[in-house]
Amino acid sequence: MASGIDMDTETAPRRLRGCRIVTTSLTARVLLANQLRSLPEIEWTVVSGDRYDDAVEGVAVEVIPIRREFALSDFGSFARLWRYLRGQRFDIVQTHTPKASFLGLPAARLAGGPAVYTIHGALYFEGNGRLANVLGWCFERWCCTWATCVLVQSREDESVLPRVGICARPKLRYVGNGIVMDRFLAAVEPELHDELPIVMMVSRLVREKGCADFLELARRLQGRATFVHVGPFEHDQSDALSEEEVAVATAAGTVRFIGGVEDVRPYVASAAVLVLPSYREGIPRAAMEAAAMGRPVAAYDIRGVREVIDPQLGLLAPRGDVGALTRIVGDLLEDPDRLADLGKQCREWVTERFSEDRVITRLRSVYRDLSAAAVPKGAGRAG
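Residues numbered from 1 in each chain as written. Predicted model: local features only at pLDDT ≥ 70, side-chain atom pairs only at ≥ 80, totals over all residues. Heavy atoms only, no water.

### Looking at the overall build of the chain
Our working definition: Here a strand is any run of E in DSSP of at least two residues, a helix any run of H or I of at least four, and the numbering for each starts at the N terminus. For each residue, the accessible area found with a 1.4 Å probe, counting protein chains only, is set against the maximum for its type, and the residue is called buried under 20%, exposed over 50%, and partly exposed in between. To be clear on the numbers: accessible area is Shrake-Rupley with a 1.4 Å probe, and residue cover counts the displayed protein chains and nothing else.
Along its length, the chain carries 14 helices and 13 strands. Dimensions of the chain, computed from the C-alpha atoms along their principal axes, are close to 65 × 45 × 40 Å. Expressed as a percentage of its 383 residues, the buried residues of the chain come to 54%. With the model as given, the accessible surface of the chain reaches about 16800 Å², and the carbon-plus-sulfur share is 51%.

### Section: a negative patch on the surface
For clarity, the threshold we go by: For patches, a residue must show more than 30% relative accessible area and have no salt bridge; joins then use 9 Å for like charges and 5 Å for nonpolar side chains, namely Val, Leu, Ile, Met, Phe, Trp and Tyr. Salt-bridge detection follows one rule: a side-chain nitrogen of Lys or Arg within 4 Å of a carboxyl oxygen of Asp or Glu. Neither His nor the chain ends contribute to the count of charged residues, in which Lys and Arg are positive and Asp and Glu negative. A charged residue contributes its charge at one atom only: NZ of Lys, CZ of Arg, CG of Asp or CD of Glu.
A surface patch of negative charge is lined by D331, D335, D337, D341 and E348. When residues of the negative patch are assigned to their parent elements, the largest contribution, 3 residues, is made by helix α13 (residues 336–353). Positionally, D335 belongs in the loop between α12 (322–334) and α13. With relative accessibility at 32%, the residue D335 sits in the partly exposed group.

### Thoughts on the sheet that holds strand β11 (residues 273–276)
Which entries qualify depends on this criterion: At least two bridges found by DSSP between two strands is the condition for calling them paired. We call two residues in contact when some of their heavy atoms are within 4.5 Å. Each axis is a line fitted through C-alpha atoms, and for a helix only the stretch in contact is used; angles between axes span 0 to 180 degrees, taken between their N-to-C directions.
Ordered by their spatial adjacency, 6 strands build an open sheet running β10-β9-β8-β11-β12-β13, and the pairing between neighbours is parallel. Where the open sheet ends on each side, the last strands, each with one partner, are β10 (256–259) and β13 (316–317). Contacts from helix α10 (residues 285–292) reach β8 (198–202), β11 and β12 (297–300), with the element oriented near 170° to β11.

### Observations regarding the packing of helix α1 (residues 25–38) against helix α14 (residues 356–372)
In plain terms, the rule: Just so you know how the angles are binned, under 35 degrees is roughly parallel, over 145 roughly antiparallel, 65 to 115 roughly perpendicular, and the rest oblique. The sense of a crossing depends on the near helix, which, turned anticlockwise from the far helix by less than a right angle, makes the crossing left-handed and, turned clockwise, makes it right-handed. Residue classes follow a fixed rule: Ala, Val, Leu, Ile, Met, Phe, Trp, Tyr, Cys and Pro count as nonpolar, while Asp, Glu, Lys and Arg count as charged, and any other residue, Gly among them, counts as polar.
Running from N to C, α1 and α14 cross one another at 60°; their axes reach a closest spacing of 10 Å. Classified by the angle between their axes, α1 and α14 sit oblique to one another. Crossing hand, α1 versus α14: right-handed. Taken together, the residues of α14 that come into contact with α1 (itself represented by L31, N34, Q35 and S38) are E356, V359, I360, L363 and R364. Split by residue class, the contact of α1 with α14 holds 4 nonpolar, 3 polar and 2 charged.

### Points about the pairing of strand β4 (residues 92–95)
The two faces of β4 match: I92 and Q94 on one face and V93 and T95 on the other face are all buried. With 4 bridges joining them, strand β1 (residues 16–22) and β4 adopt parallel strand pairing. Pairing of G18 across the sheet is with I92, part of β4. Pairing analysis gives 2 bridges linking β4 to strand β5 (residues 116–119), with the strands arranged parallel.

### Some details on the sheet that holds β4
Taking strand neighbours across the sheet as the criterion, the 7 strands line up as β3-β2-β1-β4-β5-β6-β7 in an open arrangement whose pairing is parallel. What marks the edges here is a single partner per strand, and that holds for β3 (60–63) and β7 (172–174). Along the sheet, successive strands turn relative to each other by an average axial angle of 25°, direction set aside. Across the sheet, helix α3 (residues 98–110) lies against β1, β4 and β5, angled at about 160° from β4, the strand it touches most.

### Here's the deal with the pattern of salt bridges
All chains considered together, the criterion is met by 21 salt bridges. A salt bridge links K99 to D74, with the nearest nitrogen and oxygen atoms 2.9 Å apart. Taken as a pair, K99 in helix α3 and D74 in helix α2 (residues 73–88) lie far apart in primary sequence, 25 residues in all. Each member of the pair, K99 together with D74, is buried. A salt bridge links E208 to R280; the nearest nitrogen and oxygen atoms lie 3.1 Å apart. In this pair, E208 is assigned in the loop between β8 and α7 (211–220) and R280 in the loop between β11 and α10, connecting sequence segments 72 residues apart. Residue classification places R280 among the buried residues on the basis of a relative accessible area of 17%. Bridged by salt links that share partners, the residues R68, R204 and E234 form one connected network.

The structure is reproduced here in structure tokens:
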């Protein structure tokens, strides 16, 4: 790895070479595209676990199949990652999402380079059951042990991970999360129209996101609003909603399913309120985007969500309490003036705190520090 490269001067001997490893190309499209465009001083490659045909201009792509669930094929994926990284000798290898991190971090270190672990939302967190947190602790400890540097998006993760012995504090850097604010502050024509107010959820169709709770909420409030879900099926996930569950809700008229969309803004513009009954989040973009568009977000009171939605607004219900969430949404539907006022307050809160420009500034600082502290290649694994 090059030592002491100043990324801000034209006299730098060469651009840093960076690699982002993701389990699916969807992560690169949705979460990383603007970062890759906004950090052109680094020559980026994305290693994707599936096909990625529409990468950001100037970004190279390497496809190394990675399954999202643990499987015997992981040994082959790890070997391919290690061989590829050893051959490429990247200055920075950064991983995203659990499976890419579980395999990619040791592969990067054993290949003789640095490894940056991005925690989008730790698997260990308050509210988990005991077994889930034991497994989450082991997973996060594994990843943080291999990582040279650990980037967190949540202030709660920044505080909790050192306290419970998952990661040494000197390894941690807070980078946060954010959206391209101008895109969501601009006026957009609604895609959907209905006589009733539209209550919307934007997510992957999995139980961890609270999709089953959304179906129940829609059943309880049927006739008082039109309920719409926007987002793709996730057939390869163990907690995916089944096609039968979706078909039953569709036949009953409780929820309309749009599926995955390229641009979520016209759909969010159609909504009176967004619902996010997620059981685990890092810093949820769906909540940031809706709030930036002036839509109040009713959600469960969990790590990350309570950073994006001010708890003082009364929009957060206890995790898993469908009844409480139903009451919050029902009250909003009965009071359009309060709904509009809360939307304005959500917008102000998010625009002041969650622009991705701040994230990019923090990332640039991380990369500069890693470059300045570079060690000779082949130094091996961190303790």
